[in-house]
Amino acid sequence: MQNPDSEILLISIDAEPAGNLSTLRSFGNRFAPLGLLCLAASAPDRIATLVGRDTAQFYDNLAIFGKVRAIIVQFNHPAAPEMSARLINRLRQQFPGAKIGASKQLQAHSELFDFVISGTGKTAVLRILRGETPLGYFDQPAAESFSILDVPTEPLAEGEFEIHPEKWLAGRTLEVFQPWLGLLDQSDCHSSWPGIEWLTKLLNWLKLSGYQALHFRPSGLSTEHLHELRSVMLNLEMPFAVSFNISEQLHFSRVGAPLKQIWLYHPNRENAALTLEKLAQIKAADCLPGLQLKHSDFALPAESSLINAVARIQCSDLHCWPLSDLKLVTARFWRRRFFARLFGLRSAAELIMFMKTSYNILDILLSSERGR
């Protein structure tokens, strides 16, 4: 239960990104703000966390808080400038005495805010709780450890957090970035690993919160950590998947259940041969190989061989993709796989997830540029 007298609000906004394909409505990619929740655990009676969209219901939920001195906003997707400005104006109307800030790493429109934070946020919130007024570059020491945030004790309330169906593993599956980095949870510029002891506390908390499987995004996790991570997940009886950037030093060997999938991020023309080599290693390790495709890394000459070598794909940053490229990748991947996957389903839960995948496929293939 959140304290209505909380002095700091950490707000996670599920923004609707602007772009070519902003009208696509796909299942998946509703991320839980685990970094904000770990940051709030620094002083749970004085810091509250709220997740929502820029809607009337969201502002109604804010109405219970009456003593807010500072608000820190985190966007789960790049927000259109007009959406950011509208949100900040509404927050200023509702909390005229509060200073409003954001993570510098995740928000480009810093001129809208009273202060910005470039680190995890722990030093910043502690300074605010000591009575300081946050203004300008309200930063933290560069030497601050990235592994000292607390793990929440109260179970995570069930929300609309949803993983992409192609990454689903079992039951309620959650995507984990780097919650030990607080405001830098979803940053592409920082990576660290908190150690297995801290991570075990986090995993026990997520298990207590009702999650049955986890997908770890690229982080400071290395292939050398997989066996100790597998031991913890085995004790918790939680299937899991892991992800790595192809630019990392990767050496895959058989880890064993409950590790099910290994994903590679940022394949492109230059690293296509290396990606194919690593995908073969993943298959030899008895895991399903997956590729996360980002349009800025996308290269048609390398794309066909890579797509033929994987069992799962997901295209991220849909708002950056030209529809023609997205259709091409989707059609090539699913042309020979759709019915094989359909007839290979083994449970009702797998069927439900495949139906969501099918919706995503049709949404892409039947979309047109008209009206965009």
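Structure: above.
The rules behind these values
Along each chain, residue indices are assigned from 1 in the same order as the chain's sequence is written. Given that this is a predicted model, residues contribute local features only at a pLDDT of at least 70 and side-chain atom pairs are listed and counted only at 80 or more, while totals for whole chains, interfaces and linings are drawn from all residues. To get the side-chain values, take all heavy atoms of the structure and skip hydrogens and water. Put simply, DSSP H or I for four residues or longer makes a helix, DSSP E for two residues or longer makes a strand, and each gets a number counted from the N terminus. Take the number of residues in a helix, subtract one, and multiply by 1.5 Å to get its expected span. Relative accessible area decides the class of each residue, using a 1.4 Å probe on protein chains only: under 20% of the type maximum gives buried, over 50% gives exposed, and in between gives partly exposed. When checking whether two residues touch, look at their non-hydrogen atoms; a contact exists if any pair is within 4.5 Å. Axis geometry follows a simple rule: fit a line to the C-alpha atoms, using only the stretch in contact for helices, then measure angles between N-to-C directions, giving values from 0 to 180 degrees. Roughly parallel means an angle under 35 degrees; roughly antiparallel means over 145; roughly perpendicular covers 65 to 115; every other angle is labelled oblique. Two helices cross in a left-handed way if the nearer one is turned anticlockwise from the farther one by less than a right angle. They cross in a right-handed way if the turn is clockwise. Under the convention adopted here, Pro, Cys and the residues Ala, Val, Leu, Ile, Met, Phe, Trp and Tyr are nonpolar, Asp, Glu, Lys and Arg are charged, and Gly plus all remaining residues are polar. Any carboxyl oxygen of Asp or Glu within 4 Å of a side-chain nitrogen of Lys or Arg constitutes a salt bridge here. A patch is a set of surface residues, each over 30% in relative accessible area and not in a salt bridge, joined within 9 Å for like charges and within 5 Å for the nonpolar side chains Val, Leu, Ile, Met, Phe, Trp and Tyr. Surface accessibility follows the Shrake-Rupley procedure with a 1.4 Å probe radius. Residue values consider only the protein chains on display as shielding. Strands are treated as partners if at least two bridges between them are detected by DSSP.

Peer 1: Break down helix H11 (residues 348-365) for me, with residues and values.
Peer 2: Between the first and last C-alpha of H11 there are 26 Å, a value that for 18 residues agrees with the 26 Å anticipated at 1.5 Å per step. Here H11 has its buried residues at Met-353, Phe-354, Lys-356, Thr-357, Ser-358, Asn-360, Ile-361, Asp-363 and Ile-364. Tucked inside the fold, the buried residues of H11 contact helix H9 (323-334) and helix H10 (338-343).

Peer 1: For the packing of H9 against H11, give the residues involved together with the corresponding values.
Peer 2: Viewed as axis vectors pointing N to C, H9 and H11 meet at an angle of 135 degrees, and their least axial separation amounts to 9 Å. Looking at the two axes, H9 sits oblique to H11. Every pair of crossing elements has a handedness; the one defined by H9 and H11 is left-handed. Taking contact as the criterion, the partners of Leu-323, Leu-326, Lys-327, Thr-330, Ala-331 and Trp-334 in H9 are, on H11, Phe-354, Thr-357, Ile-361, Ile-364 and Leu-365. Partitioned by chemical class, the residues of the contact of H9 with H11 number eight nonpolar, two polar and one charged.

Peer 1: Can you lay out the pattern of salt bridges for me, pointing to particular residues and giving the numbers?
Peer 2: Tallying each qualifying case throughout the model produces 13 salt bridges. The closest approach of N and O atoms between Glu-175 and Arg-217, which form a salt bridge, is 2.8 Å. With Glu-175 in strand E7 (residues 173-176) and Arg-217 in the loop between strand E8 (213-216) and helix H6 (226-236), this pair connects stretches of sequence that are 42 residues apart. Among the salt bridges present, the one from Asp-286 reaches Arg-254, with a minimum N-O distance of 2.9 Å. Remark: Arg-254 occurs in the loop between strand E9 (240-245) and strand E10 (259-265) and Asp-286 occurs in the loop between helix H7 (272-284) and strand E11 (288-294); sequence separation between them is 32 residues. Classification of Asp-286 as exposed rests on a relative accessible area of 53%. Residues joined in a network through salt bridges with shared partners are Glu-7, Arg-46 and Arg-69.

Peer 1: I'd like to hear about a nonpolar patch on the surface, residue by residue, with values.
Peer 2: Taken together, Leu-362, Leu-365 and Leu-366 make up a surface patch of nonpolar side chains, about 300 Å² in accessible area. Taking the relative accessible area as the measure of exposure, Leu-362 reaches 48% and is therefore partly exposed.

Peer 1: So what's going on with the sheet that holds E9? Which residues, and what values?
Peer 2: Here six strands make up an open sheet; going across it, the order is E7-E8-E9-E10-E11-E12 and the pairing parallel. Strand pairing shows two members of the sheet lacking a second neighbour, E7 and strand E12 (312-316), which therefore form its edges. When the angles between neighbouring strand axes are averaged without regard to direction, this sheet yields 20 degrees. Taken together, the five bridges between E11 and E12 define a ladder with parallel strand orientation. Following the sheet pairing, Leu-293 is matched in E12 by Cys-315. This element, H7, spans E10 and E11 of the sheet and lies at about 150 degrees to E11.

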